[in-house]
Amino acid sequence: MANFHHKSLKKFNLSGTIHDESATPRLKTEYVRLLVSEMRLSGYVPRIDIEPDFTIDYNSKKKYFEFEVTVYGVHVGKKQS
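Residues numbered from 1 in each chain as written. Predicted model: local features only at pLDDT ≥ 70, side-chain atom pairs only at ≥ 80, totals over all residues. Heavy atoms only, no water.

Our focus in this paragraph is the overall build of the protein. The helix and strand tally for the protein stands at one helix and four strands. Each helix and strand of the protein, placed in order from N terminus to C terminus, yields the pattern β-α-β-β-β. Oriented by its inertia axes, the alpha-carbon framework of the protein measures out at about 50 × 20 × 15 Å. Across the 81 residues that make up the protein, the buried fraction comes to 33%. Looking at the protein alone, contacts between residues at least 24 apart form 72% of all its contacts between residues at least 6 apart. Carbon and sulfur atoms form 51% of the exposed surface of the protein, whose accessible area is close to 5,900 Å². (Helix = DSSP H or I, 4+ residues; strand = E, 2+ residues; numbered from the N terminus. Buried < 20%, exposed > 50% of the residue type's maximum accessible area, 1.4 Å probe, protein only. Contact = heavy atoms within 4.5 Å. Areas by Shrake-Rupley, 256 points an atom, 1.4 Å probe, with all protein chains shown as cover.)

This part takes up the environment of G16. As for its placement among the helices and strands, G16 is situated in strand β1 (residues 10-18). The spacing of G16 and I56 is 40 residues in sequence and 9.6 Å in space, taken between C-alpha atoms. Not counting residues up to four positions away in its chain, the partners in contact with G16 are F65, E66 and F67.

Here it is in structure tokens:
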């Protein structure tokens, strides 16, 4: 069994805006799913012991939320991912 704990991490992230605060939980789930999908296509798998990082800030001048989501992964190759 391979040990991935000491392999180098790669950061996959996405940022943008959310206009409806009530959609935040659903969108967070979708964005994490999207990043994991992108990772796997690149031969990476998420480190399940490192939770996805999601930050959100309200921009009062523009009246929307700005977010960033980050998921960390390790390279295992496209065949194993």
